[in-house]
Amino acid sequence: MANPGERLILAFDFGTRRIGVAVGNEMLKSATALEPLPARDGIPDWAQVTRLIEEWRPDLFVVGLPINMDDSESEMSTRARKFGNRLYGRYGKPCEMVDERGSTREAKTLAREAGHRGNYREESVDGLAAALILEGWFAHEEGLPGGRTTG
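Values in this document were obtained by computation on a predicted structure and should not be read as measured data.

Draft legend 1. Summary view of the packing of aromatic side chains. Using the criterion set out here, one finds seven aromatic pairs in the structure. Measuring from centroid to centroid gives 5.7 Å for Phe 14 and Phe 83, while their planes differ by 40°, and the two rings are tilted. Of this pair, Phe 14 sits in the loop between β1 (8–13) and β2 (18–25) while Phe 83 sits in helix α2 (residues 75–91), and the two are 69 residues apart along the sequence. Exposure remark for Phe 14: the relative accessible area of 8% places this residue in the buried category. Put simply, the rings of Phe 12, Phe 14, Trp 46, Phe 61, Phe 83 and Tyr 91 touch in pairs and so form one group of aromatic residues.

What follows is the structure in structure tokens.
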């Protein structure tokens with residue numbers, strides 16, 4: 001296990017049809033979107049997840065937690081936590097949940113500014129949302145605004 005500050009992190013933007021994925025290096029504070037994982041009712045192909053873990057060998061998982069604007073949790077919050085618990089249970093790596101409010105909206109805005117045509121089923125922004133979640137986690141770790149973690 002790498003020391004804090006030197007860890008490789010896989011971040012996930014949980015969804016029922018797709019799960020966005022990004023990889024980041026804690027030392028560089030950089031996040032890169034990867035191909036999203038297809039999911040059936042929020043359940044990924046775990047063999048595909050295992051290949052991702054074997055390829056990147058992360059030290060930590062970060063999972064976006066969809067929290068309502070009034071700070072309450074929803075059914076999707078429960079499902080995202082369950083996904084994070086399964087990651088930990090299957091791969092034995094620590095998993096931190098991060099308040100992801102606004103990450104998908106921000107990802108869509110950034111994609112539009114970069115010329116995205118608006119068909120998000122065809123051209124997913126889930127990986128970009130996962131990268132934004134991870135960048136928010138980096139900001140929180142640095143004590144900067146914009147990063148919010150939860151229990």
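Continuing now.
Draft legend 2. Looking closely at the pairing of β1. In terms of residue burial, β1 counts as a mostly covered element, since five of its six residues are buried. Here β1 pairs with β2 via six bridges, running antiparallel. When the sheet's bridge partners are listed, Ala 11 is paired in β2 with Ala 22. With antiparallel pairing between neighbouring strands as the criterion, β1 and β2 make up a hairpin whose turn holds four residues. Pairing between β1 and strand β5 (residues 60–65): four bridges, direction parallel.

Draft legend 3. Seen up close, the nonpolar core. Ranked by internal contacts, the top residues of the largest apolar core, which has 22 residues, are Leu 10, Phe 12, Phe 83 and Leu 87. Put simply, the parts of the chain that give this core at least two residues each are β1, β2, β3 (30–40), α1 (46–56), β5 and α2.

Draft legend 4. A look at the pairing of β2. A large share of β2 lies buried, amounting to six of its eight residues. By the bridge criterion, seven bridges tie β2 to β3 in an arrangement that is antiparallel. Looking at the pairing, Ala 22 lines up with Ala 33 of β3. Between β2 and β3, which follow one another and run antiparallel, lie four residues, and Lys 29 among them has a positive phi close to 55°.

Draft legend 5. Layout of α1. All of the buried residues along α1 are Trp 46, Val 49, Leu 52 and Ile 53. The buried residues of α1 occupy one face: seen down the axis, they fall within an arc of 110°. Residues of α1 that are buried make contact with β1, β2, β3, β4 (43–44), β5 and α2. Backbone nitrogen of Ala 47 and a side-chain oxygen of the N-cap are separated by 2.9 Å at the start of α1; the cap is Asp 45.

Draft legend 6. Structural context of the environment of Phe 12. Note on placement: Phe 12 falls in strand β1. Along the backbone, Phe 12 and Gly 127 are 115 residues apart, and their C-alpha atoms lie at a distance of 8.1 Å.

Conventions adopted
Residues numbered from 1 in each chain as written. Predicted model: local features only at pLDDT ≥ 70, side-chain atom pairs only at ≥ 80, totals over all residues. Heavy atoms only, no water. Phe/Tyr/Trp six-rings, centres within 6.5 Å; stacked < 30°, edge-to-face > 60°. Helix = DSSP H or I, 4+ residues; strand = E, 2+ residues; numbered from the N terminus. Buried < 20%, exposed > 50% of the residue type's maximum accessible area, 1.4 Å probe, protein only. Pairing = 2+ DSSP bridges. Core = buried A, V, L, I, M, F, W, Y, C linked by side-chain atoms within 4.5 Å. Arc of directions from axis to C-beta. Contact = heavy atoms within 4.5 Å. Polar contact = N/O pair within 3.5 Å; in protein donor to acceptor, adjacent residues only side chain to side chain.

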